[in-house]
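Okay, here's what each chain looks like letter by letter:
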Amino acid sequence: MTRNSILRTVKSSQPLRQAGRSLAAQWHRVTDRPVADIRARRIAAVPLTFGSLVLLTFFHGAALHHAGERLVWLAGGIRADVPLALVAARLPLSMFVPAPDLPFLGALVQVAVVFALAERVLGAGHTIAVALLTTLAATLAVRLLSHLSPGHPLGLPADEALALDTGPSAAVVGLLICVAWKCRSPVLLTGTVAAMVLEVAVVPNIASRGHLVGITAALVYAAATRSRPAATA
């Protein structure tokens, strides 16, 4: 190999190395501090996340039994035909009620990872605010879309109009957006948005539309609070 060809090879690999360094830096900004805090303090570092996992497990177990299923519905069941006053009362617990299209293990992993990251990066107060805001926005949007005809570009399929609108996924997506915003991680932010847009194209159901609305609400919240970016680890 000639000297010129070696130089060309080195130059052509520089953008890849720069991209790799950028990805590594973003990864460390997002994960280093939360992981160190959790290793040092265990459950005490993420009490909100631990409580969320307990609720998720409780409602999953209760929903497996007839009497428990009724209790789960009364505590956090939401559909498009539920009166708004009941929606407001059930909204906080609806995040932990089993979702139709999300297996229990998937919900458990989502909450354990994303809620823990958010609790350490954003703080418990902002984590609760974002989770509630994104869940509320997704719920209200689904209620509006359910009134559109199935043939409308934004309308829901007929079998989805009265499906359960529960689970933590809208909150998880919104929290990912806010964590990415504060940690200055455009890869995580754009990757989350791109994945949710693809989801709507592939699976046009209540959950996918709710995720997009959750992203919008989270971006508005992040911009409105103007949180100071986290320091580089």
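The structure we're discussing is the one just above.
Enquirer: Would you mind going over the overall build of the chain with me for this structure?
Expert: What the chain contains, in helices and strands, is 9 helices and 0 strands. Put simply, the chain runs from its N terminus to its C terminus through helices and strands in the order α-α-α-α-α-α-α-α-α. Within the chain, the proportion of its 233 residues that are buried is 39%. The long-range fraction of contacts in the chain, counting pairs at least 24 apart against all pairs at least 6 apart in sequence, stands at 76%. Surface exposure of the chain reaches about 12500 Å², of which carbon and sulfur atoms provide 70%.

Enquirer: Is there a simple way to explain the nonpolar core in this structure?
Expert: When a protein is soluble and globular, its nonpolar side chains tend to lie buried together. Of all hydrophobic cores here, the largest spans 35 residues; its most connected members are F115, L122, L175, C178 and V179. Taken together, the elements giving at least two residues each to this core come down to helix 2 (47–63), helix 5 (104–121), helix 6 (124–145), helix 7 (169–182), helix 8 (186–202) and helix 9 (206–225). Looking at this core, the element that brings in the most residues is helix 7, giving 8 residues. Those residues within four positions of L122 in sequence are excluded, and the remaining contacts are T127, L175, C178, V179 and K182.

Enquirer: Even after reading the chapter, I still don't get empty space enclosed by the protein, so can you show me in this structure?
Expert: To find leftover empty space, a probe the size of one water molecule is rolled over the atoms. On inspection of all chains with the given rule, the structure shows 2 cavities of 30 Å³ or more. Its boundaries defined by the atoms lining it, the second largest cavity holds a volume of some 40 Å³. Counting residues per element, the lining of the second largest cavity draws most heavily on helix 6, which supplies 3 residues. Looking at the lining of the second largest cavity residue by residue, the classes come out as 5 nonpolar, 1 polar and 3 charged.

Enquirer: Before we go on, may I ask you to explain helix 4 (residues 84–94) in this structure?
Expert: Every α-helix carries 3.6 residues per turn, so stepping three or four residues along brings you back to the same face. Regarding helix 4, the residues found buried are V87, R90, L91 and S94. Taken down its axis, helix 4 places every buried residue within 140° of arc, on the same side. Opposite the buried face of helix 4, at more than 90 degrees from it, the exposed residues are A85, A88 and A89. The inward-facing, buried residues of helix 4 abut helix 3 (66–76) and helix 6.

Enquirer: In this structure, what is going on with unusual backbone geometry? I would like to understand it.
Expert: For R42, which is not glycine, the phi dihedral falls at a positive 60°. Of note, R42 is situated in the loop between helix 1 (3–41) and helix 2. At R184, a position not held by glycine, the phi torsion is positive, near 55°. With respect to the helices, strands and loops of the structure, R184 is situated in the loop between helix 7 and helix 8.

Enquirer: Help me understand the packing of helix 4 against helix 6, please; the structure alone is not making it clear to me.
Expert: Packed helix pairs are specified by the crossing angle of their axes together with the interaxial distance, meaning the distance between the axes. Interaxial distance between helix 4 and helix 6 falls to 10 Å at its minimum, and their mutual angle equals 135°. Here helix 4 lies oblique to helix 6, going by the angle between them. Of the two possible hands of crossing, helix 4 and helix 6 adopt the one that is right-handed. For the pair formed by helix 4 and helix 6, the contact residues are L84, V87, L91, P92 and S94 on the first element and L132, T135, L136, T139, L140 and R143 on the second. Class assignment of the residues belonging to the contact of helix 4 with helix 6 gives a composition of 7 nonpolar, 3 polar and 1 charged.

Enquirer: Can you walk me through the packing of aromatic side chains in this structure?
Expert: Given two aromatic rings, one states the distance between the centres and the angle between the planes to describe the pair. This model, assessed by the stated rule, comprises 1 aromatic pair. Between the aromatic rings of F58 and F59, the centroid separation amounts to 5.4 Å while the plane-to-plane angle is 65°, which identifies the pairing as edge-to-face. A residue is classified by how much of its surface remains accessible, and F58, at 48% relative accessible area, is partly exposed. According to the relative accessible area criterion, F59 is buried, its value standing at 4%. In this structure, R90 is placed above the aromatic ring of W73, and the distance from its NZ or CZ to the ring centre is 5.0 Å.

Rules and cut-offs
Residues numbered from 1 in each chain as written. Predicted model: local features only at pLDDT ≥ 70, side-chain atom pairs only at ≥ 80, totals over all residues. Heavy atoms only, no water. Helix = DSSP H or I, 4+ residues; strand = E, 2+ residues; numbered from the N terminus. Buried < 20%, exposed > 50% of the residue type's maximum accessible area, 1.4 Å probe, protein only. Contact = heavy atoms within 4.5 Å. Areas by Shrake-Rupley, 256 points an atom, 1.4 Å probe, with all protein chains shown as cover. Core = buried A, V, L, I, M, F, W, Y, C linked by side-chain atoms within 4.5 Å. 1 Å grid on protein atoms, 1.4 Å probe; cavity = no way out; pocket = protein on both sides within 12 Å on 5 of 7 lines; lining within 4 Å. Points joined across faces, edges and corners; volume = space filled by probe spheres on them. Nonpolar A, V, L, I, M, F, W, Y, C, P; charged D, E, K, R; others polar. Arc of directions from axis to C-beta. Axes fitted to C-alpha atoms, helices over the stretch in contact; angles between N-to-C directions. Parallel < 35°, antiparallel > 145°, perpendicular 65-115°, else oblique. Left-handed = near helix turned anticlockwise from the far one by under 90°. Phe/Tyr/Trp six-rings, centres within 6.5 Å; stacked < 30°, edge-to-face > 60°. Lys NZ or Arg CZ within 6 Å of the ring centre and 35° of its normal.

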